[in-house]
Amino acid sequence: MSTYAKELEIAQLAVQRASILTKRVFHEKAKGTVSKDDKSPVTIGDFGAQALIISALKANFPEDEIVAEEEAASLRTNEALRQTIWDLVKTTQLSDPSAESALGGEIADEDAMLTMIDHGNSKGGASGRIWAIDPIDGTLGFLRGGQYAVCLALIVDGQVQVGVLGCPNLPVDDTAPLTGSVGEEGGSGVLFSAVLGQGASSRPLTTGGLAEQKTIAMRPLSDMSAATFCESVEAGHSAHGDQAEIAKKLGITNPSVRLDSQAKYASIARGAGDIYLRLPVKATYQEKIWDHAAGDLIVREAGGAVTDIQGKTLDFSVGRTLANNKGVIAAPASVHSKVLAAVQEVWNNKK
Ligand SMILES: Nc1ncnc2c1ncn2[C@@H]1O[C@H](COP(=O)(O)O)[C@@H](OP(=O)(O)O)[C@H]1O
Ligand SMILES: [Mg+2]
Ligand SMILES: [Mg+2]
Ligand SMILES: [Mg+2]
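Note that residues are indexed from 1 along each chain, following the sequence as it is written. Just so you know, chain letters begin at A and ligand numbers begin at 1, following the order they were written in. For a predicted model such as this one, the threshold for reporting local features is a pLDDT of at least 70, and the threshold for listing and counting side-chain atom pairs is 80 or more; totals across whole chains, interfaces and linings nevertheless cover every residue. In computing side-chain properties, one takes all heavy atoms of the structure into account and sets aside hydrogens as well as water.

Colleague: Now, about the layout of surface pockets: what can you tell me, with residues and values included?
Modeller: In this structure, the largest pocket spans a volume of roughly 1200 Å³. In this analysis the probe radius is 1.4 Å and the grid spacing 1 Å, with only protein atoms considered; a cavity is a set of points the probe fits into but cannot get out of, a pocket is an open set with protein on both sides within 12 Å along at least five of seven lines, and lining residues have an atom within 4 Å of a point. In terms of lining, the largest pocket is formed by 50 residues, of which the most central are Lys36, Asp38, Ser40, Glu69 and Tyr285. Looking at the lining of the largest pocket, the elements with two or more residues in it are β1 (34–35), β2 (41–42), α3 (73–77), α6 (110–118), β4 (129–137), α7 (139–144), α9 (263–269) and β12 (275–278). Every helix listed is a DSSP run of H or I at least four residues long, and every strand listed is a run of E at least two residues long, numbered separately from the N terminus. Per element, the largest residue contribution to the lining of the largest pocket is 3 residues, and it comes from β4. Ten residue types, Ala, Val, Leu, Ile, Met, Phe, Trp, Tyr, Cys and Pro, are classed as nonpolar, four, Asp, Glu, Lys and Arg, as charged, and the remainder, Gly among them, as polar. Classifying every residue of the lining of the largest pocket gives 16 nonpolar, 14 polar and 20 charged. Grid points are joined across faces, edges and corners, and a volume is the space filled by probe spheres set on the points.

Colleague: Outline the nonpolar core, listing residues and values.
Modeller: Counting residues in each nonpolar core, the largest one holds 54 residues, and the members touching the most others are Val89 and Met113. The biggest single contributor to this core is helix α1 (residues 5–26), with 11 residues. Working rule for contacts: check all heavy atoms of both residues, and any pair within 4.5 Å makes them a contact. If we skip the residues at most four places from it in the chain, valine 89 touches Leu21, Gly48, Ala51, Leu52, Ile107 and Met113. For our purposes a nonpolar core is just a set of buried Ala, Val, Leu, Ile, Met, Phe, Trp, Tyr and Cys residues, chained together by side-chain atoms within 4.5 Å. For every residue, the accessible area obtained with a 1.4 Å probe (protein chains only) is divided by the maximum for its type, and the residue is called buried under 20%, exposed over 50%, and partly exposed between those limits. With 42 residues, the next largest nonpolar core counts Cys167, Val257, Ala302 and Ala330 among its residues.

Colleague: I'd like to hear about the pattern of salt bridges, residue by residue, with values.
Modeller: Note on definitions: salt bridges are taken to be side-chain nitrogens of Lys or Arg within 4 Å of carboxyl oxygens of Asp or Glu. For the structure on display, the rule yields 18 salt bridges. Ionic pairing is found between glutamate 110 and arginine 82, a salt bridge with its closest N-O pair at 3.0 Å. With glutamate 110 in helix α6 and arginine 82 in helix α4 (residues 79–90), the pair connects residues that are 28 residues apart, well separated along the chain. Residue arginine 82 is classed as buried on the basis of its relative accessible area of 15%. In this structure, the salt-bridge partner of arginine 270 is aspartate 174, at a minimum N-O distance of 2.8 Å. Of this pair, arginine 270 sits in the loop between α9 and β12 while aspartate 174 sits in the loop between β6 (159–167) and β7 (190–195), and the two are 96 residues apart along the sequence. Each member of the pair arginine 270 and aspartate 174 is classed as buried. In the salt-bridge network here, residues are joined through shared partners; they are Glu7, Asp64 and Arg129.

Colleague: Could you give me a rundown of the packing of α1 against helix α2 (residues 44–60), with the residues and numbers involved?
Modeller: For any two helices packed against each other, one specifies the crossing angle of their axes together with the interaxial distance. Axis lines are fitted through C-alpha atoms, for helices just across the contact stretch, and the angle between N-to-C directions can take any value from 0 to 180 degrees. Running from N to C, α1 and α2 point in directions that differ by 155°, and their axes come no closer than 9 Å. Taken together, α1 and α2 sit at an angle that is classed as roughly antiparallel. Classified by chirality, the crossing of α2 by α1 is right-handed. The residues of α2 that touch α1, namely those facing Lys6, Ile10, Ala14, Arg17, Ala18, Leu21, Thr22 and Val25, are Ile44, Gly45, Gly48, Ala49, Leu52, Ile53, Ser55, Ala56 and Asn60. Angles below 35 degrees are treated as roughly parallel, those above 145 as roughly antiparallel, those between 65 and 115 as roughly perpendicular, and all remaining angles as oblique. Handedness of a crossing is defined here by the sense of rotation of the near helix relative to the far one, left-handed for an anticlockwise turn of less than a right angle and right-handed for a clockwise turn.

Colleague: Can you lay out unusual backbone geometry for me, pointing to particular residues and giving the numbers?
Modeller: Phi at lysine 39 takes a positive value of approximately 75°, unusual for a residue other than glycine. On the secondary structure map, lysine 39 appears in the loop between β1 and β2. Unusually for a residue other than glycine, serine 261 sits at a positive phi of about 75°.

Colleague: Before we move on, can you summarise the coordination of the magnesium ion (ligand 3) with the specific residues and values?
Modeller: Coordinating donors are taken as N, O and S atoms within 2.8 Å of the metal, stretched to 3.2 Å for Na, K and Ca; because water is absent from the atoms, sites can appear incomplete. On the protein side, the magnesium ion (ligand 3) has Asp134 (OD), Asp137 (OD) and Asp291 (OD) as donor atoms, found 1.9 to 2.1 Å from it. Linear spacing of the donor residues for the magnesium ion (ligand 3) on their chain is D-x2-D-x153-D. Separation of the magnesium ion (ligand 3) from the magnesium ion (ligand 2) amounts to 5.2 Å. Judged by relative accessible area, which is 9%, aspartate 137 ranks as buried.

Colleague: Just give me the short version of the UniProt feature "binding site: Mg(2+)" (unreviewed entry) in the chain, but keep the residues and values in it.
Modeller: In the numbering adopted here, UniProt assigns the feature "binding site: Mg(2+)" (unreviewed entry) to Glu69, Asp134, Ile136, Asp137 and Asp291. The largest pairwise C-alpha distance within this set of annotated residues, which runs over 223 residues, is 9.7 Å, so the set is compact in three dimensions. The annotated residues that sit in the lining of the largest pocket are Glu69, Asp134, Ile136, Asp137 and Asp291. For glutamate 69, the location among the structural elements is in the loop between β3 (65–68) and α3. Taking relative accessible area as the criterion, glutamate 69 reaches 23% and is therefore assigned partly exposed. Excluding residues that lie within four positions of it along the chain, glutamate 69 makes contacts with Lys36, Gln50, Ile133, Asp134, Pro135, Ile136, Trp290 and Arg320. In this structure the side chain of glutamate 69 is engaged in a polar contact, spanning 3.0 Å, whose partner is the side chain of lysine 36. Relative to the helices and strands, isoleucine 136 resides in strand β4. On the accessibility criterion, isoleucine 136 (1% relative accessible area) is buried. For isoleucine 136, the contacting residues outside a window of four places in its chain are Thr22, Thr43, Gly45, Asp46, Glu69, Phe142, Tyr148 and Ala149. UniProt positions are given in the numbering used here, feature names are shortened, and annotations may be inferred rather than shown by experiment. Think of a polar contact as two N or O atoms within 3.5 Å of one another; within protein, one of them needs to be a possible hydrogen donor and the other a possible acceptor, and neighboring residues in sequence only count if both atoms come from side chains.

Colleague: Requested: an account of empty space enclosed by the protein, with residues and values cited.
Modeller: By the definition in use, this model includes 1 cavity of 30 Å³ or more. Quantified by volume, the largest cavity comes out at close to 70 Å³. Every residue lining the largest cavity is listed: Arg17, Leu52, Ser55, Trp86, Val89, Lys90, Thr92, Gln93, Glu100, Gly105, Glu106 and Ile107. Going through the elements one at a time, α2 and α4 are the ones with two or more residues in the lining of the largest cavity. In terms of residue count, the dominant contributor to the lining of the largest cavity is α4 (3 residues).

Colleague: Requested: an account of the site of ligand 1, with residues and values cited.
Modeller: The immediate surroundings of ligand 1 are formed by 16 residues, with Ser232, His237, Ser261, Lys264 and Asp291 found nearest. Here histidine 237 contributes a side-chain N or O atom positioned 2.7 Å from an oxygen atom of ligand 1. The separation between an oxygen atom of ligand 1 and a polar side-chain atom of lysine 264 is 2.5 Å. Of all the elements, β4 adds the most residues to the shell around ligand 1, at 3 residues. Of the residues belonging to the shell around ligand 1, the class tally is 2 nonpolar, 6 polar and 8 charged. For each residue, the test is whether any non-hydrogen atom lies within 4 Å of the molecule or strand; if one does, the residue is near.

Given below as structure tokens:
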């Protein structure tokens, strides 16, 4: 068995199961949205997906630490919301019994569900095995009817070893035009994964066991002017103006493709786009490890390089945030230094 084979298998099945829950909520009008302390939204889909993923991890790797985005505090005082989530969680299973049983079976009751959610409160750090979970990345996209991703990564002694992204609204076809909006028929969804040193792959998302996988790779980029770059839909999450200036400096003529979530990392990893730019809007914002761990590894294993705007690799060893980094540049390894140089020119001119 290759290294991290079991972790990869469980992570993929856990993300696939959680994706089923998020899809159910995606098609509902009422998504049980509540506002967090930082004013950002969280939905019944985020809470439910986090409970299901953590339950699978606890059943298989009880000693591991977990850093997850959400916490159960607001659910302890909001019975209606808690019950809605519980109804979703207890009725979401993989249709393949052996896959479902690999995830350790059902959560016992509502209280156990809250405990599961709160197991994601690890401080993270430089030693040991730490899972990073973003149950729904791109919650704003999820609410808008756009792209979102279910994200899970295993970090060991500060290095991302396993990364899995479920992107329920991406098309299975790698060559389909890249857009941030979901078409009439929607995408049927793709599950991306990578293990350090073992390459990156993708397979269609299913509602049962894992579908057959294929290797993915970034597009060779011989002509920078033909590159497609991706950025957030939300202007508050990355600096659209700076990014447009950088693209111009690089001679990129295609308009940027705006899509929510780590679907950006996944899309460039499979050659549906080329470059992902995330320039800080606010100097004080610290990126969260769960927003990047899986995507960073998947892009690197597909032939890309990922750094911050100073050219430093992303440092997952300093807690729940990327406190040592600012912004993100992800590009094919062969052109990354060129992109970095353009970013630095624009960034330094601003000072
Ligand atoms: N000021 C800010 N700068 C950068 N990222 C931010 C931000 N405020 C929130 N975010 C993060 O941006 C993520 C979405 O990224 P994107 O814009 O690429 O879709 C959010 O994840 P969630 O949706 O999981 O909360 C959130 O963690
Ligand atoms: Mg959030
Ligand atoms: Mg996120
Ligand atoms: Mg999230």
